[in-house]
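# Notes for the structure review
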Amino acid sequence: QVQLVESGGGLVQPGGSLRLSCTASGRTFSNFAMGWFRQAPGKQRELVASITNDGRTNYADSVKGRVTMSRDNAKNTVYLQMNSLRPEDTAVYYCRGNRGPDVYWGQGTQVTVSS
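Residues numbered from 1 in each chain as written. Predicted model: local features only at pLDDT ≥ 70, side-chain atom pairs only at ≥ 80, totals over all residues. Heavy atoms only, no water.

## Side note on the overall build of the protein chain
The test is simple: Each helix is a run of H or I in the DSSP string that is no shorter than four residues. Each strand is a run of E no shorter than two, and both are numbered from the N terminus. Throughout, the radius of gyration refers to the C-alpha atoms, and the reference size of a globule is 2.2 Å times the residue count to the power 0.38. Relative accessibility under 20% of the residue-type maximum defines a buried residue, over 50% an exposed one, and the middle range a partly exposed one, all with a 1.4 Å probe and only protein chains included. Note on definitions: a residue-residue contact is assigned when non-hydrogen atoms from the two residues lie within 4.5 Å.
Scanning the protein chain from terminus to terminus reveals 0 helices and 11 strands. Of the regular secondary structure in the protein chain, the N- to C-terminal order runs β-β-β-β-β-β-β-β-β-β-β. For 115 residues, the compact-globule estimate of 2.2 N^0.38 gives 13 Å, and the protein chain sits close to it at 13 Å. Projected onto the principal axes, the alpha-carbon positions of the protein chain cover approximately 40 × 25 × 20 Å. Expressed as a percentage of the 115 residues in the protein chain, the buried residues total 41%. Within the protein chain, counting contacts between residues at least 6 apart in sequence, those at least 24 apart form 54% of the total.

And the structure:
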């Protein structure tokens, strides 16, 4: 089974920046579509950003203009660069990969935006 390992979460001041990373095991990473989701306590998990296997990106309206998703297939890694962070960005951020019927989730990394 493919494993996704996330890093880069933590506590940041409003207006600050974080860069999340998600590294996948296996040898077929380049064939996966990847996404970042987030879930705050008591709220539904929502899509933040996604990227196709050929590099096309899509962003939620709530983060558009403040975040950039990218992938480095040679490193089996996707990134989420987040700038101008707001308290409402506070959530657990999850990495997801999918290829056809196969879906894999990371364990999540906590992002807290607070003064």
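## Some points on the packing of aromatic side chains
Both the distance between ring centres and the angle between the ring planes are used here to describe each pair of aromatic rings. Let me state the cut-off plainly: Here the aromatic set is Phe, Tyr and Trp, taking the six-membered ring for Trp, and pairing holds for ring centres within 6.5 Å; pairs whose planes are under 30 degrees apart are stacked, those over 60 apart are edge-to-face, and all others are tilted. Note on criteria: charge over ring means Lys NZ or Arg CZ within 6 Å of the ring centre, with the direction from the centre no more than 35 degrees off the ring normal.
Per the counting criterion, the structure on display carries 3 aromatic pairs. Ring plane angle 45 degrees and centroid distance 5.9 Å describe the contact between Phe32 and Tyr104, whose orientation is recorded as tilted. Note that Phe32 is positioned in the loop between strand E3 (18-24) and strand E4 (33-39) and Tyr104 in strand E10 (residues 102-105), a separation of 72 residues in sequence. Exposure remark for Phe32: the relative accessible area of 7% places this residue in the buried category. Between Tyr94 and Trp105, the aromatic rings sit 6.5 Å apart at their centres with planes inclined by 85 degrees, giving edge-to-face as the arrangement. Here the residue Tyr94 occupies a position in strand E9 (residues 91-99), and Trp105 occupies one in strand E10, the gap between them amounting to 11 residues. Judged by its relative accessible area of 14%, Tyr94 falls in the buried class. Cluster of aromatic residues (ring-pair linked, three or more members): Phe37, Tyr94 and Trp105. The ring of Tyr94 has Arg45 lying over it, and the distance from NZ or CZ to the ring centre is 3.7 Å. The positively charged end of Arg45 is found above the aromatic ring belonging to Trp105, 4.7 Å away from the centroid.

## Some remarks on the state of the cysteines
This is how the line gets drawn: For the purposes of this analysis, a disulfide is any pair of cysteine sulfur atoms at a distance within 2.5 Å.
Counted by the stated rule, this structure contains 1 disulfide. The side chain of Cys22 participates in a disulfide bridge whose partner is Cys95; the two sulfur atoms lie 2.1 Å from each other. Across the disulfide from Cys22 to Cys95, rotation about the S-S bond amounts to roughly -80 degrees, and the bridge is consequently left-handed. Of this pair, Cys22 sits in strand E3 while Cys95 sits in strand E9; the two residues are 73 residues apart in sequence, bridging distant segments of the chain. You'll find Cys22 and Cys95 in the same group, each marked buried.

## Concerning the nonpolar core
Using the following cut-off: What we call a nonpolar core is a set of buried Ala, Val, Leu, Ile, Met, Phe, Trp, Tyr and Cys residues that are connected through their side-chain atoms within 4.5 Å.
Counting residues in each nonpolar core, the largest one holds 30 residues, and the members touching the most others are Met34, Trp36, Met69, Leu80, Met82 and Tyr93. Taken together, the elements giving at least two residues each to this core come down to E3, E4, strand E5 (46-51), strand E7 (67-72), strand E8 (77-82), E9 and strand E11 (109-113). With 4 residues, E3 is the largest single contributor of residues to this core. When residues no more than four places from it in sequence are discounted, the contact partners of Leu80 are Leu18, Arg19, Leu20, Trp36, Val48, Ala49, Val67, Thr68, Met69 and Tyr93.

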